[in-house]
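Chains, contacts and geometry: an overview
Here is what each chain is made of, one letter per residue.
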Amino acid sequence: MKSRNLIFFTAEFPYGTGETFIENEFPFLVNAFDKIIIVTNTPENNNPRIHPGKKIKVIHFPYHLGPGEKIKSLMGVFTPVFAEEIKRIKTHYQLRLQWSIVKTVLSSIQKSKKIANTIFPLIEDASTADTWLYSYWMNDMAAGAAELKKQQTAVSKDFEKKRNLIHQIIPT
């Protein structure tokens, strides 16, 4: 039987005093999953509300981009997501484009790629585990989970094309 794993994105939990609703929900999650990985933006401190163990692991994911990552984020202007977001800002929200808005969009694109690259190695082989990605907040970490899904779908389609091509060349 496949194991059931949860990658749970939080802003503070299990540290700090925020996200108190998770404390009520967490026992149910512990019972429902074989392994839980909490990805939190809050640095580790001495007062966790739950203690990591064999079943629970906590990963600290810094929310802010470093100087090199900020420079790298400029490449985001060449992505379809950037064009879609700018169009939405201008048409739906009817806002004038300002540098602060462009920086926010570019930063979000870069952060979503960064979180996707961070969580990719945490996902076990699909043949041995079912993995759920869960975020209460619609933030860059949730966008990163969507980015990961998009990347994995593209890889799966590419793999399928290559497999079909091999079957055409070498029939089974």
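In what follows, the accompanying structure is described. The numbers attached to residues start from 1 for each chain and follow its sequence in the written order. In keeping with the predicted nature of the model, local features appear solely for residues at pLDDT of at least 70, side-chain atom pairs appear and are counted solely at 80 or more, and the whole-chain, interface and lining totals rest on all residues. Only hydrogens and water are set aside; all other atoms, that is, all heavy atoms of the structure, feed into the side-chain values.

Re the overall build of the protein chain
- Helix and strand content of the protein chain: 5 helices and 4 strands.
- Only protein chains enter the accessibility calculation, which uses a 1.4 Å probe; a residue is then buried when its area is under 20% of its type maximum, exposed when over 50%, and partly exposed in between. The proportion of buried residues among the 172 residues of the protein chain is 34%.
- Contact between two residues is taken to exist if any of their heavy atoms lie within 4.5 Å; hydrogens are not considered. Considering only contacts within the protein chain whose residues lie at least 6 apart along the sequence, 73% involve residues at least 24 apart. Here a helix means four or more residues in a row that DSSP labels H or I, a strand means two or more in a row labelled E, and each is numbered from the N terminus.

Section: the packing of aromatic side chains
- Pairing of aromatic rings covers Phe, Tyr and Trp, the last through its six-membered ring, and needs centres within 6.5 Å; plane angles under 30 degrees mean stacked, over 60 mean edge-to-face, and all others mean tilted. The full count for this structure, using the stated rule, is 6 aromatic pairs.
- Taken together, a centroid distance of 5.4 Å and an interplanar angle of 50° make the contact between Phe13 and Phe26 tilted. Of this pair, Phe13 sits in the loop between β1 (3-10) and α1 (21-32) while Phe26 sits in helix α1, and the two are 13 residues apart along the sequence. Taken individually, Phe13 and Phe26 each receive the classification buried, so the pair is uniform in this respect.
- Their ring planes at 70° and their centres at 5.4 Å tell us that Phe33 and Trp132 sit as a pair that is edge-to-face. In this pair, Phe33 sits in the loop between α1 and β2 (35-40) while Trp132 sits in strand β4 (residues 129-135), placing the two residues 99 residues apart along the sequence.
- For Trp132, a relative accessible area of 36% translates into the label partly exposed.
- Across the ring face of Phe33, the terminal group of Arg4 is positioned such that the distance to the ring centre comes to 5.3 Å. Two conditions define a charge located above a ring, namely a distance within 6 Å from the ring centre to NZ of Lys or CZ of Arg, and an angle within 35 degrees of the ring normal.

Re the sheet that holds β2
- Two strands pair under a simple rule: DSSP has to find at least two bridges between them. Strand order in the open sheet formed by 4 strands is β3-β2-β1-β4, and the pairing between neighbours is parallel. Of all the strands in the sheet, just β3 (56-60) and β4 have a single pairing partner and so form its edges. Within the sheet, the average angular offset between the axes of one strand and its neighbour, ignoring direction, is 20°.
- Strand direction decides the pairing type here: β2 and β3, joined by 5 bridges, are parallel. Paired with Ile36 across the strands is Ile56, a residue of β3.
- Note on geometry: axes are lines fitted to C-alpha atoms, helical ones only across the stretch in contact, with angles between N-to-C directions running from 0 to 180 degrees. Contacts between α1 and the sheet are confined to β1, β2, β3 and β4, with β1 contributing the most and set at about 160° to the helix.
- Packed onto the sheet, helix α4 (residues 99-119) meets β1, β2 and β4 and runs at close to 150° relative to β1.

Quick look at the pattern of salt bridges
- Between Lys or Arg on one side and Asp or Glu on the other, a salt bridge is scored when a side-chain nitrogen of the former is within 4 Å of a carboxyl oxygen of the latter. Considering all chains together, one arrives at 5 salt bridges under this definition.
- Of the charged contacts in the structure, one is a salt bridge between Lys114 and Glu69, with a shortest N-O distance of 3.0 Å. Here the residue Lys114 occupies a position in helix α4, and Glu69 occupies one in helix α2 (residues 67-73), the gap between them amounting to 45 residues.

Focus on the side chain of Asn5
- Among the structural elements, Asn5 can be located in strand β1.
- Discounting chain neighbours no more than four positions away, the residues touching Asn5 are Phe33, Asp34, Lys35, Glu124, Ala129, Asp130, Thr131 and Trp132.

Quick look at the environment of Lys150
- Assignment of secondary structure puts Lys150 in helix α5 (residues 140-169).
- On the basis of relative accessibility, which here comes to 45%, the residue Lys150 falls in the partly exposed class.
- Each C-alpha atom of the pair Lys150 and Ala116 lies 9.7 Å from the other, and the pair is 34 residues apart in sequence.

Quick look at the packing of helix α3 (residues 80-91) against α4
- Between α3 and α4, whose axes approach to 10 Å, the crossing angle comes to 145°. With respect to the hand of their crossing, α3 and α4 are arranged in right-handed fashion. Packed against α3, whose contacting residues are Val81, Phe82, Glu85, Ile86 and Ile89, the element α4 presents Ile101, Val102, Val105, Leu106 and Ile109 at the interface.
- Under the scheme applied, nonpolar residues are Ala, Val, Leu, Ile, Met, Phe, Trp, Tyr, Cys and Pro; charged residues are Asp, Glu, Lys and Arg; polar residues are all the others, including Gly. In terms of residue class, the contact of α3 with α4 is made up of 9 nonpolar, no polar and 1 charged. Should the near helix be turned anticlockwise from the far one by less than a right angle, the crossing is termed left-handed; should it be turned clockwise, right-handed.

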